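Here's the letter readout for the chains.
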Amino acid sequence: MTAADSNTASSPSHMDMANAIRFLAIDAVEKANSGHPGMPMGMADIATVLFTRYMKFDPADPQWPDRDRFVLSNGHGSMLLYALLYLTGYPGMDIEQIKNFRQLGSKTAGHPEYGHAPGIETTTGPLGQGLANAVGMALAERMLAARFGKELVDHYTYVFTGDGCLMEGISQEAISLAGHLGLGKLIVFFDDNSISIDGATDLTTGDDQAMRFKASGWHVQSIDGHDPEAIAGAIEAAQAADAPSMIACRTVIGYGAPNKQGTASTHGAALGGDEVQATRDALGWPHAPFVIPNETLDGWRQAGARGSRTLASWQDRLASVDGETAATFKRMIAGDLPEGFKGAVKAMKQALADDPPKLATRQSSKNTLDMLVEAVPSLVGGSADLTGSNLTKAATMSDVSADDFSGNYIYYGVREHGMAAIMNGIALHGGFIPFGGTFLIFTDYCRPSIRLAALMEQRVVYVMTHDSIGLGEDGPTHQPVEHLASLRAIPNLQVFRPCDATETLECWAIALESRAAPSVLALTRQGVPPVRTNFSDENRCARGAYILADADGNRQATIIATGSEIEIALAARDRLQQDGIGTVVVSAPCLELFDQQDAAYRTSVLAPGSAVVAVEAATSMGWDRYLAGRGAFIGMSGFGASAPADQLYEHFGITPTAVVDAIKAQL
């Protein structure tokens, strides 16, 4: 959408429109006595030009698939976004929400939270995340356009970002990949105000951001961020560029506050009553708190309504495409799995029962992906430079590149954190279900983005291989021991550790069916024997834990294990049964799902009163609630070592003998 689409007849002045943003931010922060007024005051001019003249959106249909995306990466300035949503007429964002900024139950949280209100495209606040999400959104736009054409998919992703976002390491990962892929419909506005919380940015950085972006292949401009015509010209030049664009906007933080503008004191605190009044006087805004003059509000509402004709035209184009294409587009945007998904899973499950393979679960995952990518065209994969180790590239997948976005496999390079945040952006955009791989140890690099995926309830799948000391000789730098516990501590994150090919297939199916939760698949490097050798249409992993091997005779002992340690548990059971001790082996591929089961089921699986041992080649944190204070844990109590895997299991005492001894000690 261009400036020509805007009807400016009888409109209020640009300054009045921008001041509406400024004073909503000022008044909301003042009332809450909490928040960040400086950034909204400084970036109000840019936001006004963008939203009144260029942004393609319609508040009447906030989920319009071909809308432009707006990401506030410097999310502490959330009142700028909330002001825009209120002023342009988004549903549910009324003046009472603005007045209740940062209050319990309001939609106007301290930082923008996805799902709280229409128009909030992603949760931001942890700096740099929004910028990386936006790269994912812009990438999804190009990939979707390659499949359905610009008649249905042709929109921009606009980002506001600040010095803090660009100091974070994730920003370099994101802008480097965006430049490499030539994401020309990504436009970033850098709030170049030279201020951070501690004071002037020259306390901590002397980076030439323009040169940095240029070095990564971006189109770069520098402008006065308070000159509306300079802003408009820069946007049009950015739209015409083939490369992603960064517009460095020289702004004054806290613009208009006569005694505090340009200082860190406006960043993260209310201005105070005297300064608020002085700002009203300086900017010629005589209105009471939260009052927007009718003419100004009407001008904003007209800006919000101007996209209706563009939306109607798009709807006509969607209606004119053939039925199969339209149905596929709608299904992918809705995130629905194809009708043949369950049948494909069932057929592969039967094949695994007919010919059970002994494979590493990472190889079982690859075999599963070979089937899933055919059955679910919306799957897009990738790896952080470990494709051959993670085995994330299915046989029929093709590469995504700057020259061809029709592929479905993304080479992320050694950018684990960027990969995880970009996948969040792909999921948020809609149209695709992203998965990406690295080693489980490197979830440390991905964790902030994984946490945000859980917070936003996004379906993102992390294929994390080399999941224990079982990876062997690479040693303790690469052997995860605390990582399963750390990941299990994140609310709404499903952590799967399957034990064989059938469990791996079942866990993949659950991950794809879980529309409101991300999933981690922790997979082995080493081969594991098949243990699920009888076909069952039931997805047994869906209950989180289940009895894999029942007791012969009276149940006296219970061994709970995950992943590769199931083999150890079954060997220990055989020895205990030979000694007349009836023993059950419980496979627990997903403790989060098990915790969601009713008490009767959990009791039937765990059998309180029996001797109990848990076995996992990881630390014990989180297992106590299943051992009920009476059982034993066989696993890791410290870091691993560099040696062949079988020697490591023996060295650290994760053996059938240790399990047998721990059971007998309780009887």
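To be clear, the structure that these remarks concern was listed above.
The structure displayed is predicted, hence computed values, not measured ones.

Definitions and limits used
- Residues numbered from 1 in each chain as written.
- Predicted model: local features only at pLDDT ≥ 70, side-chain atom pairs only at ≥ 80, totals over all residues.
- Heavy atoms only, no water.
- Salt bridge = Lys/Arg side-chain N within 4 Å of Asp/Glu carboxyl O.
- Phe/Tyr/Trp six-rings, centres within 6.5 Å; stacked < 30°, edge-to-face > 60°.
- Buried < 20%, exposed > 50% of the residue type's maximum accessible area, 1.4 Å probe, protein only.
- Lys NZ or Arg CZ within 6 Å of the ring centre and 35° of its normal.
- Pairing = 2+ DSSP bridges.
- Helix = DSSP H or I, 4+ residues; strand = E, 2+ residues; numbered from the N terminus.
- Axes fitted to C-alpha atoms, helices over the stretch in contact; angles between N-to-C directions.
- Contact = heavy atoms within 4.5 Å.
- Right-handed = clockwise from strand over helix to strand, strands pointing away.
- Disulfide = S-S within 2.5 Å.

**Some remarks on the pattern of salt bridges**
- Tallying each qualifying case throughout the model produces 22 salt bridges.
- One salt-bridge network, in which partners are shared between bridges, spans K349, E506 and R532.

**Notes on the packing of aromatic side chains**
- Counted according to the given criterion, the structure contains 21 aromatic pairs.
- Relative to Y411, the ring of Y409 lies with its centre 5.0 Å away and its plane at 75 degrees, an arrangement referred to as edge-to-face.
- Using a relative accessible area of 0% as the deciding quantity, one classes Y409 as buried.
- Residue class for Y411 comes out partly exposed when judged on its relative accessible area of 40%.
- An aromatic cluster is defined as three or more aromatic residues linked by ring pairs; in this entry it consists of F51, F57, F70, Y90, Y156, Y158, F160 and F189.
- Directly above the aromatic system of Y156 lies the positively charged group of K185, at a separation of 3.8 Å from the ring centroid.
- Directly above the aromatic system of Y601 lies the positively charged group of R543, at a separation of 3.7 Å from the ring centroid.

**A few points about the sheet that holds strand β11 (residues 433-439)**
- Across the sheet, which stays open at both edges, the six strands sit in the order β10-β9-β11-β12-β14-β13 with parallel pairing between neighbours. A single partner strand is all that each edge strand has here, and the edge strands are β10 (409-411) and β13 (494-496). Each neighbouring strand pair of the sheet contributes to a mean axis angle of 20 degrees, computed without reference to strand direction.
- Pairing geometry for strand β9 (residues 379-383) and β11, over three bridges, is parallel. Bridge pairing in β11 places S383 opposite G437.
- Each of β11 and β12 (461-465) is contacted by helix α18 (residues 443-456), which is oriented at about 160 degrees to β12, the strand it contacts most.
- Across the face of the sheet, helix α20 (residues 501-513) comes into contact with β9, β11, β12, β13 and β14 (519-522) while running at roughly 150 degrees to β12.

**Some words on the pairing of strand β7 (residues 245-250)**
- In terms of burial, β7 is a largely internal element, five of the six residues being buried.
- Here six bridges tie strand β3 (residues 186-192) to β7, and the two strands are oriented parallel to one another. The partner of V188 across the bridge, within β7, is M246.
- For strand β6 (residues 219-224) and β7, the ladder comprises six bridges, and the chain directions are parallel. In the sheet register, Q221 faces β7, and the bridge partner there is I247.
- Taken together, β6, helix α9 (residues 228-240) and β7 form a β-α-β motif whose crossover is right-handed.

**Some words on the pairing of β14**
- Here β14 shows no split at all, with S519 and L521 on one side and V520 and A522 on the other all buried.
- Relative to β14, β12 runs parallel, the two being bridged by four bridges. Bridging from a neighbouring strand, V463 pairs with L521 of β14.
- The parallel pair β13 and β14, bridged by α20, forms a crossover whose chirality is right-handed.

**Topic: the state of the cysteines**
- In the structure shown here, the tally under the stated rule is zero disulfides.
- For C446, which is in no disulfide, the shortest distance to another cysteine sulfur is to C590 and amounts to 19 Å.
- Judged by its relative accessible area of 0%, C446 is buried.
- In this model C590 remains outside any disulfide bridge; the closest cysteine sulfur is found in C507, 7.2 Å from its own.

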